[in-house]
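Structural overview for review
Okay, here's what each chain looks like letter by letter:
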Amino acid sequence: MKTFLEVAARGSFVSASERLYVTQSAVSLRIQRLEQALGKRLFERSKAGAELTHAGHEFEKYALSLLKVWEEARQKVGIPDGFRKSLTIGAQFSLWPRLGFRWIDGLQATMPDLSLRLELGMPDRLTRFLTEGSMQVGLMYTPQLRPGLHAEKVMDDELVLATTWPEPTFELTGRYAFINWGEEFVHAHSLAFPELTNPGLTLSLEALGAEFILDRHWAAYLPARYIYKHLEVDSLHLVPDAPKFTLPLWSVWRDDLDPDLLGLAKETLAQATEAARDDQAVVMKKLRTISVQPEVATLGKTREIIRENNSPQPRLL
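Described in the following lines is the structure provided in the data block.

So, how was this worked out
- Residues numbered from 1 in each chain as written.
- Predicted model: local features only at pLDDT ≥ 70, side-chain atom pairs only at ≥ 80, totals over all residues.
- Heavy atoms only, no water.
- Helix = DSSP H or I, 4+ residues; strand = E, 2+ residues; numbered from the N terminus.
- Buried < 20%, exposed > 50% of the residue type's maximum accessible area, 1.4 Å probe, protein only.
- Areas by Shrake-Rupley, 256 points an atom, 1.4 Å probe, with all protein chains shown as cover.
- Lys, Arg positive; Asp, Glu negative; His and termini not counted.
- Charge placed at Lys NZ, Arg CZ, Asp CG, Glu CD.
- Core = buried A, V, L, I, M, F, W, Y, C linked by side-chain atoms within 4.5 Å.
- Contact = heavy atoms within 4.5 Å.
- Patch = residues over 30% accessible without salt bridge, like charges linked within 9 Å, V, L, I, M, F, W, Y side chains within 5 Å.
- Salt bridge = Lys/Arg side-chain N within 4 Å of Asp/Glu carboxyl O.
- Phe/Tyr/Trp six-rings, centres within 6.5 Å; stacked < 30°, edge-to-face > 60°.
- Lys NZ or Arg CZ within 6 Å of the ring centre and 35° of its normal.

1. Quick word on the overall build of the chain
Within the chain one finds 10 helices and 14 strands. Buried positions account for 48% of the 317 residues belonging to the chain. Accessible surface, the chain: about 15,800 Å² in total, of which carbon and sulfur atoms supply 53%. For the chain, the centre of its 37 positive side-chain charges and the centre of its 41 negative side-chain charges are spaced 5 Å apart.

The structure is reproduced here in structure tokens:
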């Protein structure tokens, strides 16, 4: 079932094999056995990929339902003694500190008999867990919607330029770590800082890059809410007049989440988000205070994008 849904989402046996960490022949064999059991072809194969047949489209909703029932049973049986309900939350690395962990604190304080499981991953991995039903909600920057999922805007993460030395300037050559925050950031960054477009070091580590630059006395673009605590102890410093970059972040929910649990999760997430916004506001106010320009410029024009049902055309909100 999982293999079928992965091929349906990717439109490719090759891509599905890469995401499932199995060989392409294993994916083909699984689909072949499923088609034999159903007595129908589920995919039309071509050089361009694999497209669902009419029978495939009909079977997709049942595959989702079957996986949902299995995951519900597995999680219900697996709830530890002394706990009444369970919830699995996933997030990208940068969204756990100063946001996700606060969310967990709120959930535990409000519902002590709730068993929690936390996952870490990039959007593709988190979306697969959500689709399969092994995870009920995820925090991510670039959500991809699938049947049975919906996304809600949480907040805008403000990426700011920070250094490890006091009285910083834009002279960063030789001590700048480029953190890849996505295609739009890469493009806007290349226009604003052409001299830093090839710094010799690119990190796809998100906010974990902060630990790297702290140990090596470098500079990088990092989330304002994340570096709040570092500014408080002067281990990081803002660069005056450096442009910011706005990165929207989203929560993605399974539609079948228990209504009472859904309400509690959204309420506690809102509280955690408010605290994160407060941290971010302090940092942005400090940046405006030390800058010559009255308003902090925005690096590039960001768009809030959700890819719906794996459509090649994004839906812009």
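This is not the end of the story, as more comes after the structure.
2. With respect to the nonpolar core
Membership of the largest hydrophobic core comes to 65 residues, with the highest contact counts inside it found for Trp103, Tyr221 and Ile227. Residue contributions to this core peak at nine residues, all from helix H10 (residues 259-290). If we ignore the near neighbours within four places in the chain, the residues touching Trp103 are Ile89, Val137, Leu139, Trp253, Ala265, Thr268, Leu269 and Ala272. Among the nonpolar cores identified, the runner-up in size contains 17 residues, and Phe4, Phe13, Ala16 and Leu52 belong to it.

3. Thoughts on a nonpolar patch on the surface
There is a patch of nonpolar side chains on the surface, built from Met1, Tyr62 and Leu66 and spanning about 310 Å² of accessible area. Looking at where Met1 falls in the secondary structure, it is placed in the segment before helix H1 (2-10).

4. Details of the packing of aromatic side chains
Under the counting rule described, the total for this entry stands at 11 aromatic pairs. Here Tyr141 and Trp181 contribute two aromatic rings whose centre-to-centre distance is 6.2 Å and whose plane-to-plane angle is 90 degrees, an arrangement assigned as edge-to-face. Taken together, the residues Tyr141 in the loop between strand S5 (137-140) and strand S6 (144-145) and Trp181 in the loop between strand S8 (178-179) and helix H7 (183-192) connect sequence positions 40 residues apart. Residue classification places Tyr141 among the buried residues on the basis of a relative accessible area of 7%. Of the residues examined, Trp181 reaches a relative accessible area of 8% and is grouped as buried. Taken together, Phe178, Phe185, Phe193, Tyr221 and Phe245 form an aromatic cluster joined through their ring pairs. For the cation-ring pair, Arg175 lies above Trp165, with the distance from its terminal atom to the ring centre recorded as 3.8 Å.

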